[in-house]
Amino acid sequence: MMDDTEVLLEKKEMRFMLLFSRQGKLRLQKWYTATAERDKKKMVRELMQVVLARKPKMCSFLEWRDLKIVYKRYASLYFCCAVEEQDNELITLEVIHRFVELLDKYFGSVCELDIIFNFEKAYFILDEFLMGGEIQDTSKKSVLKAIEQADLLQEEDESPRSVLEEMGLA
Amino acid sequence: MPAPIRLRELIRTIRTARTQAEEREMIQKECAAIRSSFREEDNTYRCRNVAKLLYMHMLGYPAHFGQLECLKLIASQKFTDKRIGYLGAMLLLDERQDVHLLMTNCIKNDLNHSTQYVQGLALCTLGCMGSSEMCRDLAGEVEKLLKTSNSYLRKKAALCAVHVIRKVPELMEMFLPATKNLLSEKNHGVLHTSVVLLTEMCERSPDMLSHFRKLVPQLVRILKNLIMSGYSPEHDVSGISDPFLQVRILRLLRILGKGDDDSSEAMNDILAQVATNTETSKNVGNAILYETVLTIMDIKSESGLRVLAINILGRFLLNNDKNIRYVALTSLLKTVQTDHNAVQRHRSTIVDCLKDLDVSIKRRAMELSFALVNGNNIRGMMKELLYFLDSCDPDFKADCASGIFLAAEKYAPSKRWHIDTIMRVLTTAGSYVRDDSVPNLIQLITNSVEMHAYTVQRLYKALLDDISQQPLVQVASWCIGEYGDLLVSGQCEEEEPIQVSEDEVLDVLEGLLVSNLSTPVTRGYSLTAIMKLSTRFSSLNRIKKVVSIYGSSIDVELQQRAVEYNALFKKYDHMRPALLERMPIMEKTATNGPSETVQTNGETDSTILDTKHLPSISQPASQVGFLKHGFSIQTCAHFRSNPNPNIAVITIHATNSTEADMTEFVFQAAVPKTFQLQLLSPSSNVVPAFNQGSVTQVIRVLNPQKQQLRMRIKLTYTHKGSPVQDLAEVNNFPPQSWQ
């Protein structure tokens, strides 16, 4: 059972990533450190408030609690990363952008509704792109190919039935 | 039994709910259906049900009853089940629940699965949320996969290893052999994650760091190839080849080059090359430049390179993109001590940033401006800073005022200028000035003997205008009490002396006593001032009358003062002149070395407060680490009474001057990676009110690298029935505690 001191000592570059809408609806949450459910809810609520209150002309970085928040708005969605003090915020912006590009390629001109109705796929893509907050592969093609292959595997799972049907035996 | 509703169908349905209540009802209905489906051990639809549960969980509804179902999905043979199962595990489970350990065996099997995508799922889950126990059990499997030739798995194993090392640092050694050929990989995914792994190992262990220094030439080569190679569509971002990898390599080089002449020299050329050749029109190029600057500043680079780096930052300051300006100011703040002259050249641009619209940029510009103030530019800088003080947000005013006072004290070109500056701050931001400024200012004024008449006159005039700003009022009261005789005798040389009578002065002071705007502290100041005037003015009767009235004040503090002053008049009148005579010059108690700026949490929220460095504390070894309304933590570093020179023993004393006890008080601390911390048991977990006692706790810090001791502290306690949590950084340990 991990106590709170350990939480402090375990330094992770990216602590969590959130996606939420202009209306404050959470669309995705990925936590890279173990946090109690009610703390997560509190942090999400607070952070959404802080970010949504930002004016368009302000910079993409802000200090919140002991973390730095890097956020960017894409259409109706805010992409929000909480990183450690020492990080390079500019490259975090690029990480966010890469994730958006992956979603865009996968869904074909992605919009918020895609993320809402296919949230699990958004997670799959995120988990193929980042692990523990770090990039797994810097090639867009490579990440998308892996997702594609995994999707195919999923389809194969669901199709034995149709093979029999095809043979006229079902 | 009809098949459970599909996921997308459910999402569609829930979105049609027009009210929160309607949504809740739909969710409850669906949850009930899901629960009975789980009870029936339905394998076919388990996946679909868990997926729906995850959706509802995201909306904020409880989903803990799905935890075991996730485990069943993970154990299934179907890929779809595993995919959702692992996702569910990552969302619903974490190491805080004992049930998570049940995953270990499944993950172990899946790490050895014949399908790489299943292995990938297992690695990802372990690498994101594996507990220490899981990591211990599965480290061997991860190490095996780190040596595979399958780059898909190898890259994931590397990041998984990073997580394992973070959770169980002792296991780091076992991954060493597998790192041998990591950098010879062509695959960028493997390269990137390998660099991350190497970075983690070097950051954690000085031995690893020395061991991996030999990789510098190879890293330099890889970086060079990235820059020189032609267009590579797979890794290109706005014309730059794999910026993510470039940044990670630069960061690793930074760690390897720090403090090491040879390594720093070996990377000198490539750093200069990146710094001069990177395209700066887009954010991605600037991200690389930024990382390069950070590296140049941290390693032992030649002065030409350092100047190049500072100039890049200077150019950043002029960039239209405010994000770039922000990072520039952050970096300049870090380097201003070591490369002061180079940063000075960009002073005017920095000062311009005070007018920026963005709060974070303004704050950094302000901190940097204070760091750049010196004897030569004090007049010009102070003008800008006073203008900033006038117009900035209330959140800034306290820090700005303190900064101005400090700067004025250090570099004031004349006493007159100094007093004028203080007056300006008190009159424009008087209510934001910190409480400890009042005694500091009083001391300053006392010691500026030739300015007494001028000071008291200006303060008196300020009081006529406005008595709402307490620090101003307090300083003014004190001065009038002290120098009232100069005021009425019209002795001012610096400006036109005003004509004011004793009665008028007493009117003002008595006005402060009765005003609703005055705090009890202010009232105390003005009563004492009135009393002091009894030896400077001739209106004794009036003063005696005022003093006797307040002998029955309901304010205990005022009452006590009045009663004592009364006694002074009645029984000890012979002592009165001596007691109330002019204050002598006050010696400032020795400060502890250079006054370091203590890092705050950069917090504007009043619930998490900044750490303060009080200028003069009596014991040389103790510093105030944390201060909040009435609650203080004092850290006392002992460092001599130790057999092991690498161990600093720090005792913390927590005291509480508020009117309620702080119960269930828990002090926690964390230190940077190169340190180790041991917290011994606290003396108690109640910090009594009214400073009636303190909680002490001993911390032992092992600091083998003799780095500057920094500590992050977390305080949790209950005060007046509510739980409170504070986070703060303590950086002001005296150098002797870590050198």
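All values derive from a computational prediction rather than experimental measurement.

## Regarding the overall build of chain B
On a plain count of helices and strands, chain B comes out with 31 helices and 10 strands. The principal-axis extent of the C-alpha atoms belonging to chain B is close to 100 × 65 × 60 Å. Residues counted as buried form 56% of the 739 residues belonging to chain B. The contacts in chain B between residues at least 6 apart in sequence include a share of 66% that link residues at least 24 apart. As presented, chain B carries roughly 32000 Å² of accessible surface, and 50% of it is formed by carbon and sulfur atoms. Here chain B holds 82 positive side-chain charges and 80 negative ones, and the gap between their average locations is 5 Å.

## What about the sheet that holds strand β2 (residues 26–31) of chain A?
All names here are of chain A. Here we have 5 strands laid out as an open sheet, ordered β2-β1-β5-β4-β3, and antiparallel in their pairing. Two strands bound the open sheet, and with one partner strand each, they are β2 and β3 (61–64). In this sheet, neighbouring strand axes are inclined to one another by 20° on average, regardless of whether the strands run parallel or antiparallel. The sheet contact formed by strand β4 (residues 67–74) and strand β5 (residues 77–83) spans 7 bridges and is antiparallel. Opposite K72, over in β5, you have F79 as the bridge partner. Sitting on the sheet, helix α3 (residues 89–107) touches β1 (14–21), β3, β4 and β5, and the angle it makes with β4 is about 40°. Against the sheet, helix α5 (residues 119–129) touches β1 and β2, its axis set at about 35° to β2.

## Details of a nonpolar patch on the surface
All names here are of chain B. On the surface, a cluster of nonpolar side chains totalling about 280 Å² of accessible area is made up of Y572, M575 and L579. One can find M575 in the loop between α30 (556–570) and α31 (576–579). Owing to a relative accessible area of 37%, M575 belongs among the partly exposed residues under this scheme.

## Section: the confidence of the model for chain A
Averaged over all residues, the pLDDT of chain A is 88; the fraction at 70 or higher stands at 86%. In the predicted structure, residues 1–9 of chain A sits below a pLDDT of 50 and forms 19 contacts with residues beyond four places in sequence or in another chain.

## Focus on the UniProt feature "domain: AP complex mu/sigma subunit" (unreviewed entry) in chain A
Residues given the UniProt feature "domain: AP complex mu/sigma subunit" (unreviewed entry) here are residues 14–153 of chain A. Strand forms 26% of residues 14–153 of chain A and helix 47%; the C-alpha atoms that close the span are 30 Å apart.

## A closer look at unusual backbone geometry
Leaving glycine out, the prevailing phi sign among residues is negative, and the prevailing peptide bond configuration is trans. Residues and elements named next belong to chain B. Backbone geometry places D242, a non-glycine residue, at a positive phi of 40°. Even without being glycine, E664 reaches a positive phi, approximately 50°. As for its position among the elements, E664 is in strand β6 (residues 662–670).

## Let's talk about the interface of chain A and chain B
Taken together, the contacts link 81 residues of chain A with 82 residues of chain B. Of the roughly 7500 Å² buried between chain A and chain B on both sides combined, carbon and sulfur atoms contribute 55%. Among the residues chain A hides against chain B, the three largest losses belong to A:L90, A:F117 and A:M131. Together they make up 10% of the total. There are 9 salt bridges connecting chain A and chain B. Residue A:D137 pairs with B:K155 through a salt bridge whose shortest N-O separation is 2.9 Å.

The rules we used
- Residues numbered from 1 in each chain as written.
- Chains lettered and ligands numbered in written order.
- Predicted model: local features only at pLDDT ≥ 70, side-chain atom pairs only at ≥ 80, totals over all residues.
- Heavy atoms only, no water.
- Helix = DSSP H or I, 4+ residues; strand = E, 2+ residues; numbered from the N terminus.
- Buried < 20%, exposed > 50% of the residue type's maximum accessible area, 1.4 Å probe, protein only.
- Contact = heavy atoms within 4.5 Å.
- Areas by Shrake-Rupley, 256 points an atom, 1.4 Å probe, with all protein chains shown as cover.
- Lys, Arg positive; Asp, Glu negative; His and termini not counted.
- Charge placed at Lys NZ, Arg CZ, Asp CG, Glu CD.
- Pairing = 2+ DSSP bridges.
- Axes fitted to C-alpha atoms, helices over the stretch in contact; angles between N-to-C directions.
- Patch = residues over 30% accessible without salt bridge, like charges linked within 9 Å, V, L, I, M, F, W, Y side chains within 5 Å.
- Salt bridge = Lys/Arg side-chain N within 4 Å of Asp/Glu carboxyl O.
- pLDDT = per-residue confidence, 0-100.
- UniProt positions renumbered as here; feature names shortened; annotations may be inferred.
- Buried area = accessible area lost by both parts, 1.4 Å probe.

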